[in-house]
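Reading the structure
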Amino acid sequence: DTGVSQDPRHKITKRGQNVTFRCDPISEHNRLYWYRQTLGQGPEFLTYFQNEAQLEKSRLLSDRFSAERPKGSFSTLEIQRTEQGDSAMYLCASSLARGGRSGNTIYFGEGSWLTVV
Amino acid sequence: AQSVTQPDIHITVSEGASLELRCNYSYGATPYLFWYVQSPGQGLQLLLKYFSGDTLVQGIKGFEAEFKRSQSSFNLRKPSVHWSDAAEYFCAVGAGGFKTIFGAGTRLFVKA
């Protein structure tokens, strides 16, 4: 399977603990995105990378959140000092950015569910 | 700023009946438009996309969508719904660059 893969799929953690999610994008894709989705809502943009550079961060991404893509391949999203409000599904997606009107189609992984108790 | 509205939170359709899910977007130029489907606990799967050209777009699983610039709409249709189509459907708009904005979704229920 050469799709976007995420690990772990589920994580239950106590409030105040740190958690880290990993994402492996589709191999030839140069852009990688993190989204957050809560129940009954659509995905909300958090941040994205073009190769190893983090080019945009949403205001949703507080100082407790940090994302990296050190070699332009896989990415990690770390949440420090988790709060109950962090409980959500964290979706990773990737795309191959081209110029012109070819657009920017993003392909999602299966998501990582976080429950903070 | 771009936005997406899906007016129907949920829709119930009988198996074999036709389906139309509504989507309205706000964006100043010609947008990129997408429909995704999500089964419970899963990620989002791309159904179809519109970038340019023919305004009637065919997708996977027998779905199609029509871009209507005058109405700022991109409604999703299927002529005959199957029980396996029950899921959450998301319309999304890409404004070029990097960001894709999603609607809140429409949950489809299929009754026998």
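In this text, all values refer to a predicted model and were calculated from it rather than measured experimentally. (Residues numbered from 1 in each chain as written. Chains lettered and ligands numbered in written order. Predicted model: local features only at pLDDT ≥ 70, side-chain atom pairs only at ≥ 80, totals over all residues. Heavy atoms only, no water.)

This next bit is on the overall build of chain A. A tally of helices and strands in chain A yields zero helices and eleven strands. Its C-alpha radius of gyration of 14 Å places chain A within 12% of the 13 Å reference for a compact globule of 117 residues. Projected onto its principal axes, the C-alpha coordinates of chain A cover approximately 45 × 30 × 25 Å. Put simply, 55% of the contacts in chain A that link residues at least 6 apart link residues at least 24 apart. Summed over its atoms, the accessible surface of chain A is roughly 5900 Å², and 44% of this surface lies on carbon and sulfur atoms. Distance between charge centres in chain A, computed from 15 positive and 13 negative side chains, equals 2 Å. (Helix = DSSP H or I, 4+ residues; strand = E, 2+ residues; numbered from the N terminus. Rg over C-alpha atoms; globule rule 2.2 N^0.38 Å. Contact = heavy atoms within 4.5 Å. Areas by Shrake-Rupley, 256 points an atom, 1.4 Å probe, with all protein chains shown as cover. Lys, Arg positive; Asp, Glu negative; His and termini not counted. Charge placed at Lys NZ, Arg CZ, Asp CG, Glu CD.)

Moving on, we get to the sheet that holds strand β7 (residues 65–68) of chain A. Residues and elements named next belong to chain A. Read from one edge of the open sheet, four strands run β1-β3-β8-β7, paired in antiparallel fashion. Only two strands of the sheet have a single neighbouring strand rather than two, namely β1 (5–7) and β7. Adjacent strand axes in the sheet meet at a mean angle of 15° when their direction is disregarded. As defined by bridge partners, β7 adjoins strand β8 (residues 75–79) across four bridges and the pair is classed as antiparallel. The residue of β8 that forms the bridge with alanine 67 is leucine 77. (Pairing = 2+ DSSP bridges. Axes fitted to C-alpha atoms, helices over the stretch in contact; angles between N-to-C directions.)

Bringing the layout of surface pockets into the picture now. All names here are of chain B. Roughly 320 Å³ of volume is contained in the largest pocket. For the lining of the largest pocket, the elements supplying multiple residues, two or more each, are β10 (87–94) and β12 (106–111). Taken as a whole, the second largest pocket holds about 150 Å³ of empty space. Lining the second largest pocket we find 18 residues, and of these Val37, Gln38, Ser39, Gln45 and Lys61 sit closest to its centre. Those elements that place two or more of their residues in the lining of the second largest pocket are β5 (32–38), β6 (44–50) and β10. If one sorts the elements of the lining of the second largest pocket by residue count, β6 sits on top with three residues. Taken together, the residues of the lining of the second largest pocket break down into eight nonpolar, seven polar and three charged. (1 Å grid on protein atoms, 1.4 Å probe; cavity = no way out; pocket = protein on both sides within 12 Å on 5 of 7 lines; lining within 4 Å. Points joined across faces, edges and corners; volume = space filled by probe spheres on them. Nonpolar A, V, L, I, M, F, W, Y, C, P; charged D, E, K, R; others polar.)

We now examine the pattern of salt bridges. Overall, the coordinates contain eight salt bridges over all chains when judged by the stated rule. With a shortest N-O distance of 3.3 Å, glutamate 64 of chain B and arginine 77 of chain B are connected by a salt bridge. Here glutamate 64 of chain B is found in strand β8 (residues 64–68), whereas its partner arginine 77 of chain B is found in strand β9 (residues 73–78), with 13 residues between them in sequence. With its nearest N and O atoms 2.8 Å apart, the salt bridge here joins aspartate 85 of chain B to lysine 78 of chain B. Ionic contacts of the salt-bridge type, sharing partners, join the residues Arg64, Glu83 and Asp86 of chain A into one network. (Salt bridge = Lys/Arg side-chain N within 4 Å of Asp/Glu carboxyl O.)

Structural measurements only, silent on function.
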